[in-house]
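# What the coordinates show
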Amino acid sequence: MTSVTPAVLLGNHFRALKLPTFAREYEKVAMESAQDRADYPRYLLRLCELERIDRDRRNIERRIRLARFPQTKSLDTFNFEAQPSLNKALVLELARCDWIEKRQNCIGLGPSGTGKTHIALALGLAACQKGYSVAFTTAAALVHELMEARDERRLRALQKHLNSVKLLIVDELGYVPFTAVGSELLFEVFSQRYERGATLVTSNLPFDEWTSVFGSERLTGALLDRLTHHVHILEMNGESFRLATSKKAHRRQPQGSIQPAK
């Protein structure tokens, strides 16, 4: 009869218990513990710590992947000095994610290119790192997805998903006006999340111009009533980052020499 080695049995148990870090590190940690003359509880503690660190990392990566960020941005790379109108202290406070736990809202307002999307992505990343589920989309893409889901009779499933995430980020509200149906579907999303989940919206339009997007004063008023009840407002009224970068690059270009006439 052939006997199964302990290493093989351990590998099977680790896979069944979903402990990949145990499987990868237990021999190495055993040798280190023997050299340090650590007892069995300390050996197990080291393995458990490694497993938990690795599991937390994988969970963060999974939440970031499911959030569908167009790119990963953090507050470390945001130039607050270029946007003096932005309340940096409030942004850093929001990055702690207490407002998400309290199911409050955040609205970023300002012209195009002032960093609204960067801030939204950074706060979304912070939420993923804190253990919250996040969904990122643009307003136009969300309305298109809602209308498509309605036509394909899967609207309830999509609405259920949008209601289930702890933080919904809707970027670029105001760039594209919606049809009456699209406006009502988007309103329904915000309405269903009211006091049930945190929502972050960015817009290039002040509140008094949102009617031009939704096409109805009544619906816009009801929407703003819900979004601004428990809200943190971030105003970004500085110069466009993209415009400033373009100007700087233009200034650095050497002046072309004048060619003599032939």
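All of the points below concern the structure found in this document. (Residues numbered from 1 in each chain as written. Predicted model: local features only at pLDDT ≥ 70, side-chain atom pairs only at ≥ 80, totals over all residues. Heavy atoms only, no water.)

## Focus on the sheet that holds strand β3 (residues 167-173)
With respect to topology, five strands assemble into an open sheet ordered β2-β3-β4-β1-β5, the strand pairing being parallel. The two strands at the open ends of the sheet, each matched to only one other strand, are β2 (134-138) and β5 (231-235). Neighbour to neighbour, the strand axes of the sheet diverge by 10° on average, direction disregarded. Relative to strand β4 (residues 198-203), strand β1 (residues 105-109) is paired through five bridges, and the arrangement is parallel. (Pairing = 2+ DSSP bridges. Helix = DSSP H or I, 4+ residues; strand = E, 2+ residues; numbered from the N terminus. Axes fitted to C-alpha atoms, helices over the stretch in contact; angles between N-to-C directions.)

## As for the layout of surface pockets
In this structure, the second largest pocket spans a volume of roughly 220 Å³. As for the second largest pocket, its lining consists of 13 residues, of which Arg68, Phe136, Thr137, Glu145 and His161 are closest to the centre. Mapped onto the lining of the second largest pocket, the elements with two or more residues apiece are α3 (40-67), β2, α7 (139-151) and α8 (155-164). The residue inventory of the lining of the second largest pocket, partitioned by class, reads nine nonpolar, two polar and two charged. (1 Å grid on protein atoms, 1.4 Å probe; cavity = no way out; pocket = protein on both sides within 12 Å on 5 of 7 lines; lining within 4 Å. Points joined across faces, edges and corners; volume = space filled by probe spheres on them. Nonpolar A, V, L, I, M, F, W, Y, C, P; charged D, E, K, R; others polar.)

## Overview of the environment of Asn237
The residue Asn237 is located in the loop between β5 and α12 (241-252) in this model. Taking the C-alpha atoms as reference points, Asn237 and Glu101, separated by 136 residues in sequence, lie 28 Å from one another.

## Details of the environment of Asn79
Positionally, Asn79 belongs in the loop between α3 and α4 (88-94). When its relative accessible area of 40% is taken as the criterion, Asn79 is described as partly exposed. Remark: the alpha-carbon pair of Asn79 and Gly115, spanning 36 residues in sequence, is separated by 8.9 Å. At 3.2 Å, the side chain of Asn79 forms a polar contact with the backbone nitrogen of Glu81. (Buried < 20%, exposed > 50% of the residue type's maximum accessible area, 1.4 Å probe, protein only. Polar contact = N/O pair within 3.5 Å; in protein donor to acceptor, adjacent residues only side chain to side chain.)

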